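# Structure at a glance
Here's the letter readout for the chains.
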Amino acid sequence: MDHPLRRPVGANTVVLLAAAWLVLTQNLAFARAVLGSLPPAMGLRESLFLAAIGLLLLALLAALLALFAWPRVLKPALVVVLLVAAICSYFMDSFRVVIDHSMILNMAETDVHEAADLLRTRFLLHVLLQGVLPAFLVAQANIVYGKPLAELGRRAALIAICLALIAACVGAQYKEFSLWGRAHREVRLYANPTYPLYSVWQYLRSRSAPAAKKAIEPIATDATRHAAPGARPLLVVLVIGETARAANFQLDGYARPTNPRLVAAGDVINYPDTWSCGTSTAESLPCMLSPLGRAAYSKGTATGEENILDLLKRVGVRVTWRDNNSGCKEMCIRVDTEYFPNGRDDDLCTGGECFDEVLLRRLAGYFPPAGGIGLLVLHQKGSHGPAYHERYPAEFRKFVPDCVDANVQQCSREEIANAYDNTLLYTDHVLGTLIALLRTHQEQVDSLMLYVSDHGESLGENGIYLHGLPYALAPDEQKHIPMVAWLSSHAPDALRLDRGCLERESKRRHSHDNLFHSLLGLFAVSTATYVPALDMYQACRHAP
């Protein structure tokens, strides 16, 4: 009678058994993180969601392992994976740590004595039983393979089934997955061994990278600014919104009063047909400040060369970036910057976050001196989700019931939309306050405020939430964005702009591609890089 370990077994079976072992025994920390992110009193919905996450992890691991299911490859790959998973699960379960890039770096720099303190009997038993033993079983297994084409078909079928299962799990509960995934992004750090192996790859890549970064490529080296100084200093305030979509902007036809202060101002110029460069901040922010435009944009190129901030600084414009978001994606690192929260303005900052009004504090200190010119960029937290309720103070809870649950996926679509609309109401308040402040100084400083969102947001249309879908697949809600401008009383004359023309031209189609060239035009910068057709003010500019 054959020994059980020598009975023939197919490669797909081994892959599925290994994936199941990893899910059931090596992902206790992941399960704990998932459970900790769900309400304590779990009902049927939460139980189904938990089961879907388990199936998704199983299918993902099986699909990844199937890529290595070939003769002379599968056994070594599984041995490595099982041993790595066992080592990681010990530290994750025992010390509640995350095996990320920094942890890999710490491990690499730990000396022998420090390492010996961790390698105790309990560690050795854990690795022996949960790593070495299953690895030994894999090594002894009699894995049989058919003809190459037949095996290729089996592997393709397994991967296809896994991908279909992943799609089914996500599709059946897309709302829960999208909202929960964005609100609890840290949970993915506990997936074992996928995230530890990814972290090892990150560490090795960083070690192999050149010691010094490639020098930033200059742009528009012929740029000069020839404008004669006006009677007053000039300040352009660029407000980069976050996740605001035109569909919920009152100025763009939305039925709810989400822009009461902008409407009441009476002299704002609205651009109802404006489109983003991307569907995420990481894509849109570098793109809008780069001369590349959406058609030619790549993040590597945009962050590897100068942008409009560098160019304006070089020709004498005082450029300042104030950030209440997650940073400028490497675009502002060569200009003056200020980040919030910074320990001040306690009435606007709690729990490590600030409301966007903090961007307006001490703003008069950024007005340029006599004869000076300045660009002030205010990067908002805006309507960043899914925890929309954290973006606005209590007095802006006008649209109720709004979703105030930390587990956003538990809220109804109506509650989520109400919370989102409250964020736009608060953004309207911030912009209205900014306009009022600029208006009080308009006899001393000529100013122009331009507000434009980085991308939009899906709020449950066709079951889609949040943003970040590939541009070609993303619905208009993620790409159609609000943009408004306001000019102080003397600014049109100082900038040689016809206000009536600006109102007419605002109805044309615009995009993030216009921003770079429009700023060049506003600051009268001459360069061959400037494209007049992309300057949204050029058609309304008088000759000197």
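Residues numbered from 1 in each chain as written. Predicted model: local features only at pLDDT ≥ 70, side-chain atom pairs only at ≥ 80, totals over all residues. Heavy atoms only, no water.

## Describing the sheet that holds strand β7 (residues 318–323)
Basically, it comes down to this: Paired strands, in this sense, are two strands between which DSSP finds at least two bridges. Helix numbering and strand numbering both begin at the N terminus, where a helix is a DSSP run of H or I of at least 4 residues and a strand a DSSP run of E of at least 2. Pairs of residues are marked as contacts when any of their non-hydrogen atoms sit within 4.5 Å. Axis lines are fitted to C-alpha atoms, over the contacting stretch for helices. Their N-to-C directions set the angle, which ranges from 0 to 180 degrees.
One open sheet holds the seven strands; their spatial order is β5-β16-β12-β4-β11-β7-β8, and the pairing between them is mixed. Pairing within the sheet leaves two strands with one partner each, and these edge strands are β5 (269–270) and β8 (336–339). In this sheet, strand β12 (residues 446–453) lies alongside strand β4 (residues 234–241) in parallel orientation, the contact comprising eight bridges. Looking across to β12, one finds that L235 is bridged to S447. Together, β4, β11 (373–379), β12 and β16 (483–487) form the strand contacts of helix α16 (residues 413–440), whose direction differs from that of β12 by roughly 170°. Taken strand by strand, helix α19 (residues 513–522) contacts β4, β11 and β12, and its axis lies near 165° from that of β4.

## What about the pattern of salt bridges?
Inclusion rule: Between Lys or Arg on one side and Asp or Glu on the other, a salt bridge is scored when a side-chain nitrogen of the former is within 4 Å of a carboxyl oxygen of the latter. The buried label goes to any residue with under 20% of its type's maximum accessible area, the exposed label to any with over 50%, and the partly exposed label to all in between, with areas taken from a 1.4 Å probe on protein chains only.
Enumeration according to the criterion identifies 18 salt bridges in this entry. In this structure, R509 engages D273 in a salt bridge whose closest nitrogen and oxygen atoms are separated by 3.9 Å. Here D273 lies in the loop between β5 and β6 (274–275) and R509 lies in the loop between α18 (499–505) and β17 (510–511), a separation of 236 residues in the sequence. The exposed category is assigned to R509, whose relative accessible area is 57%. R413 is paired through a salt bridge with E461; the nearest N and O atoms lie 3.8 Å apart. One end of the pair, R413, is in helix α16; the other, E461, is in the loop between β13 (458–459) and β14 (465–466), and 48 residues separate them in sequence.

## Details of the packing of helix α2 (residues 28–37) against helix α3 (residues 44–66)
The criterion, for reference: Note on angle classes: values under 35 degrees are labelled roughly parallel, values over 145 roughly antiparallel, values of 65 to 115 roughly perpendicular, and the remainder oblique. A clockwise turn of the near helix away from the far one marks a right-handed crossing, whereas an anticlockwise turn of less than a right angle marks a left-handed crossing. Gly counts as polar in this scheme, as do all residues outside two lists: the nonpolar Ala, Val, Leu, Ile, Met, Phe, Trp, Tyr, Cys and Pro, and the charged Asp, Glu, Lys and Arg.
Relative orientation of the contacting elements α2 and α3 amounts to 150°, with a least axis distance of 11 Å. On the basis of their axis angle, the class for α2 and α3 is roughly antiparallel. Seen along the crossing, α2 lies across α3 with a hand that is right-handed. Within the contact between the two elements, α2 uses F30, V34 and L35 and α3 uses L50, I53 and L57. In terms of residue class, the contact of α2 with α3 is made up of six nonpolar, no polar and no charged.

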